[in-house]
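Structural characterization, general
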Amino acid sequence: MRSSQPLVGTTGRRCKEDERVLNASLRPGKKGYIIDTRSPNLIQMAKNRGGGCEPEVNYSQWKRVHRPVERHTALQESLCKLVDACNDSRASMDKWLSRLESSNWLGHVKDILTCACLTAQCVDKEGTLLVAV
C-alpha cells in the first residue's frame, strides 16, 4: 500500500484524511509499518518545502522505520559508472575493481536488498500492512 505524504511542513500540520485512510486499512488490533526510504536530509528538505513525515503521535497504530535508499539520479549515475567500468576491456583487474568500488553500485544494491528484506519480513512474519515512502 502507498499513501501520499501528509503536508505537515515546519508548522506540524495534520492530515486527518491521510490518518483515516491509513488507519482504516488496518485490521482491528493490528499495527502497520511506514518504511521511509528517504535520508534524514531529504526528510528535512521535504519538511522545509511543506512536506515532511507523519507525526508519530497522530499515527499510533503505525511504526516508522527508516531505511535510506538513494534516489533515482544517484542510482543512475552509479550504474553508468559500473557500465563504463565493465565496457573497458583494457582495464587491469586492479583498475576494474577500483572502478567498481568507486561506482558504489554494490553499496546501493546492498541498501535496496536490506530494505526489501525488511519489507518481506514485516509481511511474512508479522502479517502487517506496509506503506513505503
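Let me sum up the structure you'll find in this document.

**Looking at the nonpolar core**
If you look at the biggest cluster of nonpolar residues, it comprises 8 residues: Tyr-33, Ile-35, Val-65, Val-69, Cys-115, Leu-118, Cys-122 and Leu-130. Within the residue set of this core, elements represented by two or more residues are β1 (32-36) and α5 (105-126). Here this core gets 3 residues from one element, more than from any other, and that element is α5. Beyond its immediate chain neighbours, meaning those up to four positions away, Cys-122 contacts Tyr-33, Gly-127, Thr-128 and Leu-130. Counting 7 residues, the second-largest nonpolar core is a separate cluster that includes Leu-26, Ile-34, Tyr-59 and Trp-62.

**Looking at α5**
Taking 1.5 Å per residue as the helical rise, α5 with its 22 residues ought to reach 32 Å, and the 31 Å between its terminal C-alpha atoms agrees with that figure. Listed as buried for α5 are His-108, Cys-115, Leu-118 and Cys-122. Looking straight down α5, one finds its buried side chains confined to an arc of 90°; they lie on one side. Counted as exposed and oriented over 90 degrees from the buried face of α5: Leu-106, Lys-110, Leu-113, Asp-124 and Lys-125. Structurally, α5 contributes buried residues whose contacts are with β1, β2 (62-66), α3 (72-87) and β3 (130-132). Just downstream of α5 lies Gly-127, where phi reads positive at about 60°.

**A look at the pairing of β1**
Two faces belong to every sheet, and in a regular strand the side chains alternate between them. The element β1 is extensively covered by neighbouring structure, given that 5 of its 5 residues are classed as buried. Of the two faces of β1, the one carrying Gly-32, Ile-34 and Asp-36 and the one carrying Tyr-33 and Ile-35 are both buried. Relative to β2, β1 is paired through 5 bridges, and the arrangement is parallel. By the bridge assignment for β2, Tyr-33 is matched with Lys-63. By the bridge criterion, 3 bridges tie β1 to β3 in an arrangement that is parallel. By the bridge assignment, Tyr-33 is partnered in β3 with Leu-130.

**Considerations on the packing of α3 against helix α4 (residues 93-103)**
The geometry of α3 relative to α4 is characterised by a closest axis approach of 8 Å and an angle of 170° between their N-to-C directions. Classified by the angle between their axes, α3 and α4 sit roughly antiparallel to one another. Note on element contacts: α4 touches α3 through Trp-96, Arg-99, Leu-100, Ser-102 and Ser-103, opposite Ser-78, Lys-81, Leu-82, Asp-84, Ala-85 and Cys-86. Considered class by class, the residues forming the contact of α3 with α4 number 5 nonpolar, 3 polar and 3 charged.

**Remarks on the pattern of salt bridges**
Using the criterion set out here, one finds 5 salt bridges in the structure. Two residues, Asp-36 and Arg-64, come together in a salt bridge whose shortest N-O distance is 3.2 Å. With Asp-36 in strand β1 and Arg-64 in strand β2, this residue pair connects regions lying 28 residues apart in the sequence. The exposure classification of Asp-36 matches that of Arg-64, with both residues buried. Notably, a salt bridge pairs Arg-90 with Asp-88, separated by 3.9 Å at the nearest N-O pair. You can call Arg-90 exposed: its relative accessible area is 78%. On the basis of relative accessible area, Asp-88 is assigned to the partly exposed category, the value being 21%. Taken together, the salt bridges that share partners define one network made up of Asp-36, Arg-38 and Arg-64.

Conventions we followed
Residues numbered from 1 in each chain as written. Predicted model: local features only at pLDDT ≥ 70, side-chain atom pairs only at ≥ 80, totals over all residues. Heavy atoms only, no water. Core = buried A, V, L, I, M, F, W, Y, C linked by side-chain atoms within 4.5 Å. Buried < 20%, exposed > 50% of the residue type's maximum accessible area, 1.4 Å probe, protein only. Helix = DSSP H or I, 4+ residues; strand = E, 2+ residues; numbered from the N terminus. Contact = heavy atoms within 4.5 Å. Expected span 1.5 Å × (residues − 1). Arc of directions from axis to C-beta. Pairing = 2+ DSSP bridges. Axes fitted to C-alpha atoms, helices over the stretch in contact; angles between N-to-C directions. Parallel < 35°, antiparallel > 145°, perpendicular 65-115°, else oblique. Nonpolar A, V, L, I, M, F, W, Y, C, P; charged D, E, K, R; others polar. Salt bridge = Lys/Arg side-chain N within 4 Å of Asp/Glu carboxyl O.

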